[in-house]
Amino acid sequence: MTAPDAEDPTMNSESQRAAGEQIVVRNPRTGETDHVFTAPGEAELAQRLAALRAAQRSWSARPLAERIAVLRRWRIEWLALQAEITAALAHDTGRYLIATSEVASVVGMIDRWTALVPGLALEEEQRSASMPNISYRSQYVPYPLVGIISPWNFPVSLCFIDAIPALLAGCAVFVKPSEVTPRFVAPAMDSIAAVPELAAVLHVQPGGRATGEQLVAGVDAICFTGSVATGRLVAASAARHFIPAFLELGGNDPLIVTASADLERATDIALRATCLATGQACQSLERVYVDRRILPAFVARLVEKAQRVEPNWPDIHQGTIGPFIFARQAEIVAAQLADARAKGARVLCGGQIEDHGGKWLRPTVLVDVDHSMQVMTEETFGPVIPVMPYDTIEEAIALANDGAYGLSAAVIAGTLEEAEAIGRRIDAGGISLNDGSLTAMCHEMEKHSFKLSGMGGSRMGPAGYTRFFRRKVLIRQHGQPATMANIAESNISKGNTP
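Being a predicted model, the structure only gives us computed values, none of them experimental.

A. Main features of the overall build of the chain. Along its length, the chain carries 19 helices and 22 strands. Computed over C-alpha atoms, the radius of gyration of the chain comes to 25 Å, within 12% of the 23 Å expected from 2.2 N^0.38 for 498 residues, which places it in the range of a compact globule. In terms of principal-axis extent, the alpha carbons of the chain reach across some 80 × 60 × 40 Å. Excluding contacts between residues fewer than 6 apart, the proportion of contacts in the chain whose partners are at least 24 apart in sequence is 73%. Each charge sign in the chain was given a centre, from 45 positive and 54 negative side chains, and these centres are 5 Å apart.

B. Structural context of the pattern of salt bridges. Enumeration over the complete set of coordinates arrives at 28 salt bridges. The partner of Arg-53 in a salt bridge is Asp-220, and the shortest N-O contact between them spans 2.8 Å. Here Arg-53, found in helix H2 (residues 42–61), pairs with Asp-220, found in the loop between helix H10 (209–218) and strand S8 (221–225); they are 167 residues apart in sequence, far enough to count as distant. Its relative accessible area of 28% is what places Arg-53 among the partly exposed residues. Where Glu-264 meets Lys-305, a salt bridge forms, and the shortest distance between an N and an O atom there is 3.1 Å. Taken together, the positions of Glu-264 in helix H12 (residues 263–275) and Lys-305 in helix H13 (residues 295–306) put the pair 41 residues apart, joining distant regions of the chain. Salt bridges linked by common partners bring Glu-264, Asp-268, Arg-301, Glu-304, Lys-305 and Arg-308 together as one network.

C. Here's a closer look at the sheet that holds strand S3 (residues 125–127). Spatially, the three strands line up as an open sheet ordered S3-S4-S22, and their pairing is antiparallel. Of all the strands in the sheet, the pair left with one neighbour each is S3 and strand S22 (469–477). Each adjacent strand pair in this sheet contributes to an overall mean axis angle of 30°, direction not counted. As defined by bridge partners, S3 adjoins strand S4 (residues 134–142) across three bridges and the pair is classed as antiparallel. Note that in S4 the partner of Gln-126 across the bridge is Tyr-136.

D. Highlighting the pairing of S8. Of all five residues in S8, five are buried, a share of seventy percent or more. Residues Ala-221, Cys-223 and Thr-225 point to one face of S8 and Ile-222 and Phe-224 to the other, with burial holding for every one of them. Here S8 runs beside strand S9 (residues 245–248); their pairing, made up of four bridges, is parallel. Bridge pairing in S9 places Ile-222 opposite Ala-245. Of the crossover connections in this fold, the one passing from S8 over helix H11 (residues 228–240) to the parallel S9 is right-handed.

E. Broad picture of the environment of Glu-379. Summarising the element assignment, Glu-379 is placed in the loop between helix H15 (374–377) and strand S16 (384–390). Of the residues examined, Glu-379 reaches a relative accessible area of 15% and is grouped as buried. Side-chain polar atoms of Glu-379 contact the backbone nitrogen of Gly-251, separated by 3.1 Å.

F. Region of the structure containing the environment of Arg-127. Relative to the helices and strands, Arg-127 resides in strand S3. A relative accessible area of 48% means that Arg-127 is categorised as partly exposed. With ten residues separating them along the chain, Arg-127 and Arg-137 place their C-alpha atoms 8.9 Å apart. Discounting chain neighbours no more than four positions away, the residues touching Arg-127 are Pro-132, Asn-133, Ile-134, Ser-135, Tyr-136 and His-478. A polar atom in the side chain of Arg-127 sits 3.0 Å from the backbone oxygen of Pro-132.

G. Summary view of the pairing of strand S5 (residues 145–149). Burial analysis of S5 places five of its five residues in the buried class, the great majority of the element. Covered by surrounding structure in S5 are Leu-145, Gly-147 and Ile-149 together with Val-146 and Ile-148, the residues of both alternating faces. One ladder, built from five bridges, connects S5 with strand S6 (residues 172–176); its direction is parallel. Paired with Leu-145 across the bridge in S6 is Ala-172. In the sheet, S5 pairs with S8 via four bridges, with the strands oriented parallel. Bridge pairing in S8 links Val-146 to Ala-221.

H. Focus on the nonpolar core. Of all hydrophobic cores here, the largest spans 79 residues; its most connected members are Trp-74, Trp-78, Phe-160 and Ile-222. Here Trp-74 is in contact with Val-106, Ile-110, Phe-160, Ile-164, Ser-191, Ile-192, Val-195 and Leu-198, once residues within four sequence places are set aside.

Procedures and definitions
Here the residue numbers are simple positions, counted from 1 along each chain's written sequence. Local features are withheld for residues below a pLDDT of 70 in this predicted model, meaning they are given only at 70 or higher, and side-chain atom pairs are given and counted only at 80 or more; totals for whole chains, interfaces and linings count all residues. Based on all heavy atoms of the structure, the side-chain values leave hydrogens and waters out of the count. For helices the rule is a DSSP run of H or I covering at least 4 residues; for strands it is a run of E covering at least 2, with both sets numbered from the N terminus onward. We compute the radius of gyration over the C-alpha atoms and compare it with the globule rule, which gives 2.2 Å times the number of residues raised to the power 0.38. In what follows, a contact means two residues having at least one pair of non-hydrogen atoms within 4.5 Å. Charge assignment: positive for Lys and Arg, negative for Asp and Glu; neither His nor the chain ends contribute. A charged residue contributes its charge at one atom only: NZ of Lys, CZ of Arg, CG of Asp or CD of Glu. Take a side-chain nitrogen of Lys or Arg and a carboxyl oxygen of Asp or Glu: if they are within 4 Å of each other, that pair is a salt bridge. A 1.4 Å probe rolled over the protein chains alone gives each residue an accessible area, and that area as a share of the maximum for its type sets the label: buried under 20%, exposed over 50%, partly exposed in between. Pairing between two strands requires that DSSP report at least two bridges joining them. Every axis corresponds to a line fitted to the C-alpha atoms, with the helix fit spanning only the stretch in contact, and the corresponding angles, defined between N-to-C directions, vary from 0 to 180 degrees. Orienting the strands away from the viewer, one traces the path from the first strand over the helix to the second; a clockwise path indicates a right-handed crossover. Counting of polar contacts relies on pairs of N or O atoms within 3.5 Å, with two restrictions inside protein: one atom must be capable of donating a hydrogen and the other of accepting it, and residues adjacent in sequence are counted only when both atoms are side-chain atoms. Grouping buried Ala, Val, Leu, Ile, Met, Phe, Trp, Tyr and Cys residues that are joined through side-chain atoms within 4.5 Å yields what is termed a nonpolar core.

Here you go:
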């Protein structure tokens with residue numbers, strides 16, 4: 001669930017880094033700047049990281065059952081402040097239903113991980129197959145301090161999706177949410193402060209680029225969700241500091257619809273999976289390839305459904321499509337649509353940015369598109385549905401694989417077997433079969449990002465927990481150790497080897 005980055009490099013002078021930046025925040029519904037916060041200065045952030053690092057020693061020494069109990073106490077405090085956190089998040093993002101879902105998702109994360117981790121990272125003794133006198137046991141050592149840089153598109157979910165398993169692993173965690181969506185942080189931190197043992201090892205504080213740069217330099221592992229461009233910078237900085245980087249980056253997910261697909265099902269999925277959260281999700285479907293034989297019927301039904309979708313303006317509790325959270329994103333989408341039109345694409349519905357102070361775009365269906373257009377080759381991050389025909393499955397797979405990203409994809413066919421045969425040939429980490437964007441809904445299965453969509457261990461499945469450990473092996477000698485006599489050159493003449 002990535003988002004293009006918002007930080008402006010011009011804001012980060014050395015004096016601002018020392019004193020802390022004053023960052024003003026725009027309301028995504030009205031376009032007004034109605035919030036301001038101070039990013040941590042260099043000395044303040046250094047002190048905070050040092051305090052977290054010091055507290056981590058006793059946190060990791062606690063039995064896992066105690067860490068689980070602390071997280072479950074936080075769950076109670078989170079629920080007590082759920083209404084306040086949801087209201088602040090709705091203000092941050094301009095949407096209410098998804099804000100409600102995000103806040104609830106934290107409870108689900110706590111429940112899932114606290115139930116799962118007792119069966120993971122177990123120190124089991126094993127015997128060497130090549131040297132029977134040797135046994136060994138793995139020790140799982142948590143990274144002391146984990147930094148997390150999270151984006152603006154799902155501010156709460158992506159704030160805690162890595163933090164919760166890291167905490168259970170025994171790490172201390174500092175989270176830097178995006179400066180675009182910082183309002184939820186205050187009530188979220190109130191819930192954390194209500195559990196002192198947790199507050200000692202978990203801190204959430206928004207900031208700009210300077211905060212992120214200092215964070216990477218000051219932690220033992222970094223998790224980043226955002227654009228490829230900034231992901232490269234994070235990875236390079238992590239390499240300089242010799243720490244692991246877990247990167248979840250951009251996507252340009254394809255959908256293949258075969259001739260045997262049910263049109264009602266296919267158009268429902270295509271519309272939902274491209275327009276959920278106004279398309280501001282990395283696992284959104286962003287380009288649709290349809291068998292030419294069913295293309296006219298598919299497009300007609302898709303347009304009919306898309307035209308019924310309304311923005312949630314002026315009432316946040318009505319309609320379906322929320323505003324662009326980050327105003328610059330509306331400009332990026334508008335530029336991609338202009339590029340497509342200039343190269344021959346036709347807009348069948350939507351296509352115009354609506355300015356109500358904030359920026360909205362209704363579901364936009366494009367046809368006569370090809371891979372010369374930015375809307376087909378770049379991450380769009382808006383409710384745009386470009387539809388392109390294909391003549392053979394080989395062509396469809398080639399089109400789906402033609403791109404720099406490999407986050408996820410989808411195939412809709414007449415049977416799951418047909419869909420799976422195609423899905424196995426798509427170069428992406430998570431393939432939804434006869435549905436779309438399932439990786440946003442199911443977090444139990446491990447997957448990796450292909451191509452430029454990321455690097456590092458999976459944040460889903462058991463690896464979402466075990467990647468926060470370094471493994472140390474304790475090797476036991478139960479017999480007689482080798483001596484110098486065993487490595488004497490004369491052993492060769494005797495037919496012996498060490």
